[in-house]
Structure formats: structure tokens, C-alpha cells
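What follows is the residue order along each chain.
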Amino acid sequence: MIITDAVLDLKRYWSPPGSAVIPPTGWDDVSRFATHMVDGAGAAEPDWAQSPGGLWYKDFDGNDYGQITCPQCDFTAGDFSIIVRIGFNTLAATNTFLERGAVNTSGYMLQVNTTGRFYCYTSQGAANQSSITAIGSVVEGTVVTLALSRVGADIAMYIDGVDATDTAGVHVDPVATTNTMKVGIRENLVSE
């Protein structure tokens, strides 16, 4: 796969299934910006796990998280797309898996709630807008590719490459932020 103009592209690690070769801590960004993810400290550090096919992934559980200093990810007026490959062991609580900024203040946030709906929020002072997929779009125990693409005020939501937008918000430009991008946790480093 060739990715052009990527502003964040986390490296894929592979080794033979069952291999004990563990990638380094954190998660390298192979884009031209090299804004690597740094794992949370101590008990909040996500562990590496390996899929049966040999692909390594970060296993976030509890309040595990990572942070990325990613000034180029401060999307405001321009168009942008985000693609993640992710699975949830449980949907017993809302899972915020990416946040840059803070809801009702700045930036954007991606989450899957307890009904299996995939949300994208954009935020400004005391306001936010959301685009959402249908109930049951994400099923616990299943790995899916979640994506979104913003063009102007519209955000289309995709699941495994299929447009799954159920509710399309009219997205006002998010307010710029200097916050780091949070992975697996909310801006407050406590809530998921």
C-alpha cells in the first residue's frame, strides 16, 4: 500500500505467529513527520499482543493510553480522513479511542458507544457536532476498519469500506488546539 500525504501513519509490525519478538515501546509514526506515540506510564501502558496472522497490535484495556504530539493533526478548516483498524472486547461502556482537543472546546473525538454506534465529534467553545453510524454497526469481539472523511461541513462514516453514515451532522470547523492526541482515553487521561 502506498500512502501519500499521510500526516500520521503508525508502523505495522509483523513477525511469525507465536514469535517472542516484541516491538519497542510506544508506536512509531512512519509518515514524514515522525510524531511517534508514547505509551502511558506504568499501569496505563498498553501491552503489545500478536494476532494469529503475526501482526502486532497495541492491546488497550482499562485506562491504557498513548499520546502523540501531532501538530499536523490539528485539522480545522481543511478536509481530512482518518482510518483505523480496531476491535472492542466489550461495549459495556463508551470507548473513546481517539481525541485531539476536548469536547465542547476544540478539536475532534472518535468513539464507539454501548449500542455499537461509531461517532465523530468536532468541537468549538461550548458546542459540538456529531456524525454517527446506526445502532449495532460495531459488534464486540469483531475487528473492523472504521473510517471517516470530512469534506467541507460534511463527514461520511465508513465501516469496512462501506458508507455507514446514519446521522450526518453539519460540522462547524473545529477550534484549533495545542493538545496532544490521546489514543485509547479522553483528554482528561481518566475517562475512556
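Residues numbered from 1 in each chain as written. Predicted model: local features only at pLDDT ≥ 70, side-chain atom pairs only at ≥ 80, totals over all residues. Heavy atoms only, no water.

(A) Spatial organisation of unusual backbone geometry. At Ala126, a position not held by glycine, the phi torsion is positive, near 65 degrees. Structurally, the position occupied by Ala126 is in the loop between strand E8 (118-124) and strand E9 (127-133). With relative accessibility at 74%, the residue Ala126 sits in the exposed group. For Asp160, which is not glycine, the phi dihedral falls at a positive 50 degrees. Relative to the helices and strands, Asp160 is located in the loop between strand E11 (154-159) and strand E12 (162-163). Looking at Asp160, the relative accessible area reads 45%, which means it is partly exposed. (Helix = DSSP H or I, 4+ residues; strand = E, 2+ residues; numbered from the N terminus. Buried < 20%, exposed > 50% of the residue type's maximum accessible area, 1.4 Å probe, protein only.)

(B) Region of the structure containing the side chain of Asn95. Take Asn95: it is sitting in strand E6 (residues 95-102). A polar atom in the side chain of Asn95 sits 3.5 Å from the backbone oxygen of Thr90. A distance of 3.0 Å separates a polar side-chain atom of Asn95 from the backbone oxygen of Ala93. Those residues within four positions of Asn95 in sequence are excluded, and the remaining contacts are Phe88, Thr90, Leu110, Gln111, Val112 and Glu192. (Polar contact = N/O pair within 3.5 Å; in protein donor to acceptor, adjacent residues only side chain to side chain. Contact = heavy atoms within 4.5 Å.)

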